[in-house]
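Here is what each chain is made of, one letter per residue.
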Amino acid sequence: MTSRTSGINKGMNMKRIQKQAYAYINGNLEKAIIDNRVFGSFIEHLGRAVYGGIYQPDHPSADTAGFRQDVITLVKDLHVPIIRYPGGNFVSNYHWEDGVGPVECRPRRLDLAWKSIETNAIGLHEFYNWILKVHSQILMAINLGTRGIADACNLVEYCNIPSGSKYSDLRVSHGQKKPYGIKTWCLGNEMDGPWQIGHKTAEEYGRLATETAKALKQIDPQIELVCCGSSNSKMPTYPSWEAETLDHLYEYVDYISMHQYYGNEDGDSENFLASSLDMDDFISTVCATCDYIKAKHRSPKTMNICFDEWNVWFHSKKNDDNAMKEAPWRVAPSLLEDIYTFEDALVVASLLMTIIKHANRVKIACLAQLVNVIAPIMTEKDGTAWTQTIFYPFQALSVYGRGVVLESNIDTPVHTTKDHPIVPDIEVLATKDSEMGTISIFVLNRNLTDSIDLRCDLHGCDHYILSKQLILHSDNLHAVNGPHSTPVYLENQDCATFADGNLVTQLLPASWNIFILHQKRVALE
Ligand code: AHR
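Below or above, wherever it landed, is the structure these notes cover. (Residues numbered from 1 in each chain as written. Predicted model: local features only at pLDDT ≥ 70, side-chain atom pairs only at ≥ 80, totals over all residues. Heavy atoms only, no water.)

1. Examining the overall build of the protein chain
A count of helical and extended segments in the protein chain gives 11 helices and 25 strands. The C-alpha radius of gyration of the protein chain comes to 24 Å, within 12% of the 24 Å expected for a compact globule of 525 residues. Seen through its principal axes, the protein chain has C-alpha atoms that stretch 75 × 60 × 60 Å. Across the protein chain, the fraction of contacts at a sequence separation of at least 24, relative to all contacts at a separation of at least 6, is 77%. Just so you have it, the protein chain exposes about 21,000 Å², and 52% of that area is on carbon and sulfur atoms. (Helix = DSSP H or I, 4+ residues; strand = E, 2+ residues; numbered from the N terminus. Rg over C-alpha atoms; globule rule 2.2 N^0.38 Å. Contact = heavy atoms within 4.5 Å. Areas by Shrake-Rupley, 256 points an atom, 1.4 Å probe, with all protein chains shown as cover.)

Written as structure tokens, this is what we have:
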């Protein structure tokens, strides 16, 4: 590891120099409005996300519809405004009609994506009722793997047309008089991936998605559509997939999707903690590709990003591959049940900070996923619902990171990791919520060994006071939470001072810090 100040530390006998970083934040320079939907998440019919996760009728906390209320409480604590459903890989062979109508008549189906049995006990109506309970909305994914335009049309008609047509009347006959009015729809899932049921070339997908988009917007012109981008930045077809598909789709869709998962497979924590630099580059490249097609088409429209799958995912991968091979066709098997560490939580914090920094283009983002499957919330079958380490940074950003992104610059020591020649020790994100009268400053020290002094010059913030300081820290990068202990969570701290527009603090190595400023109350006459 090298660092900007490391030259000074070369002599073995020389005193170690305390590292310094300087941040410049302008409280009046608003860079972009943050769309609340960047705090979205994802529930797929996969593993124990639905069955045994959100839905478990025999659990003591289940409500009359069979939904676990302990899970509902934790989901509400995260303030998730949009939830992608029902997949993921699952959706690419899903027949939505299997999940509506009398439950006792619904078929059991082979789920080819996760080698499981889908009972269809939960379908559209049930999930919608759950969505209302958690105060969210659905980001609905359509099967463009094994199905086509007609089935997609039928689903949108079923959901969004009031009545008087075959599928809208079918919905009414199933007890839902009012249309669901689902606003945002994903045209398939990861269609560039050879693992996808119904995988397509860019040309095949571009054509199918375009014709589907045209038809769906005829049924409901108010809907918004998301087309599939690359499944990740390592795909051999990235970024030509984006360019080729958008050449067909540009005028018909509103967002292009991005997906990316990170992991520390080789145990290189420094490199892992720099993952957000890769995400930052990925977002910039996808935006540049969209802008190239915009220019090519002489289009006035700017394409936005729906980053509808992002997270850390690697702990469970090997076991899951074996489990699906050795014991296929089970109902709700335990799959993708990563147990997250403290370092994973730091990475999740930096990833969501990166998404928010791109608020001018990223309008929707979904932490994948929400319950039991690579999730911040876990459930015990006969016990409690509990919070993983990653729950805390997601919750804090969702609660304190709304409003607008403020202009900020940082002068920080840097270091080098395996995949990243220049890694800033410090990352800063500043947001302002005018409704709440707050400015939030989120600061990551990703240096694993050095504490760093931070002086933050807050221009135009004289009428604010420092009202809250929080820290996510552990001496053990591999610390995990469990059903009965939560060693990793956000604690209050009291290390910073704020005077004369300067916030001064010392950041612990491997720590994520939040400083909340509140507008001073003006005494009312
Ligand atoms: O979120 C888990 C899986 O990851 C999703 O089903 C798929 O879209 C992605 O590859």
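This is not the end of the story, as more comes after the structure.
2. Quick look at the nonpolar core
W130, F307, W310 and W512 are the most contacted members of the largest nonpolar core, which totals 144 residues. Once residues lying within four places of it in the same chain are set aside, the contact partners of F307 are M258, H259, Q260, M279, F282, I283, I355, V362, I364, A365 and C366. Within the second largest apolar cluster, 23 residues are counted, among which are I426, V428, A430 and I441. (Core = buried A, V, L, I, M, F, W, Y, C linked by side-chain atoms within 4.5 Å. Buried < 20%, exposed > 50% of the residue type's maximum accessible area, 1.4 Å probe, protein only.)

3. Some words on the side chain of D63
Looking at where D63 falls in the secondary structure, it is placed in the loop between β2 (40–42) and α1 (69–78). Taking the relative accessible area as the measure of exposure, D63 reaches 16% and is therefore buried. Of the polar contacts made by the side chain of D63, one reaches the backbone nitrogen of A65; its length is 3.0 Å. Aside from chain neighbours lying at most four places away, what touches D63 is Q69, I72 and K133. (Polar contact = N/O pair within 3.5 Å; in protein donor to acceptor, adjacent residues only side chain to side chain.)

4. Quick look at the sheet that holds strand β24 (residues 502–507)
Paired through their backbone hydrogen bonds, the strands of a sheet run either parallel or antiparallel. Read across the sheet, 10 strands follow the order β22-β21-β25-β19-β18-β15-β1-β20-β24-β23 without closing on themselves; strand pairing throughout is mixed. Strand pairing shows two members of the sheet lacking a second neighbour, β22 (491–492) and β23 (497–499), which therefore form its edges. The pairing of strand β19 (residues 438–445) with strand β25 (residues 511–519) spans eight bridges and is classified as antiparallel. Looking at β25, one finds that T438 is bridged to H518. In this fold helix α10 (residues 342–357) packs onto β1 (19–33), β15 (404–411), β18 (426–433), β19, β21 (464–473) and β25, with an angle of close to 55° to the strand it touches most, β18. This element, helix α11 (residues 391–400), spans β18, β19, β21 and β25 of the sheet and lies at about 20° to β25. (Pairing = 2+ DSSP bridges. Axes fitted to C-alpha atoms, helices over the stretch in contact; angles between N-to-C directions.)

5. Notes on the pairing of strand β12 (residues 362–367)
Summarising burial for β12: six of the six residues are buried, a large majority. As paired strands, β2 and β12 are joined by two bridges and run parallel to one another. Note that in β12 the partner of G40 across the bridge is C366. When strand β10 (residues 304–312) meets β12, the two strands line up parallel, connected through four bridges. Within β12, the residue paired with F307 across the bridge is A365.

6. Digging into the site of the ligand
Not every one of the 13 residues close to the ligand is listed here, only the nearest: E44, N89, E190, Y261 and E309. Contact distances for the ligand include 2.6 Å between an oxygen atom and a side-chain N or O atom of E44. Within the backbone of N89, one N or O atom sits 2.9 Å away from an oxygen atom of the ligand. Broken down by class, the residue content of the shell around the ligand amounts to six nonpolar, four polar and three charged. (Near = heavy atom within 4 Å. Nonpolar A, V, L, I, M, F, W, Y, C, P; charged D, E, K, R; others polar.)

7. A look at the sheet that holds strand β4 (residues 109–111)
Taken in spatial order, the three strands of this open sheet run β4-β5-β11, and their pairing is mixed. Looking along the sheet, the strands with just one partner apiece sit at the ends: β4 and β11 (330–331). As judged from the three bridges shared by β4 and strand β5 (residues 116–118), these two strands associate in the antiparallel manner. Opposite D111, over in β5, you have S116 as the bridge partner.

8. Brief notes about helix α8 (residues 275–296)
For α8, spanning 22 residues, the distance from its first C-alpha to its last is 32 Å, which sits close to the expected 32 Å at 1.5 Å a residue. Buried within α8 are the following residues: S275, S276, D278, M279, F282, I283, V286, C287, T289, C290 and I293. Axial view of α8: buried residues confined to an arc of 170°, hence all on one face. With its phi angle positive at about 50°, R298 sits one or two positions after the end of α8. (Expected span 1.5 Å × (residues − 1). Arc of directions from axis to C-beta.)

9. Examining the packing of helix α3 (residues 149–160) against helix α4 (residues 166–173)
Relative orientation of the contacting elements α3 and α4 amounts to 50°, with a least axis distance of 7 Å. By the angle class used here, α3 and α4 are oblique. Helix-helix and strand crossings are classified by hand; for α3 and α4 the assignment is right-handed. In contact with N154, E157, Y158 and C159 of α3, α4 contributes K166, Y167, S168, L170 and R171. Residue composition of the contact of α3 with α4, grouped by class: four nonpolar, two polar and three charged. (Parallel < 35°, antiparallel > 145°, perpendicular 65-115°, else oblique. Left-handed = near helix turned anticlockwise from the far one by under 90°.)

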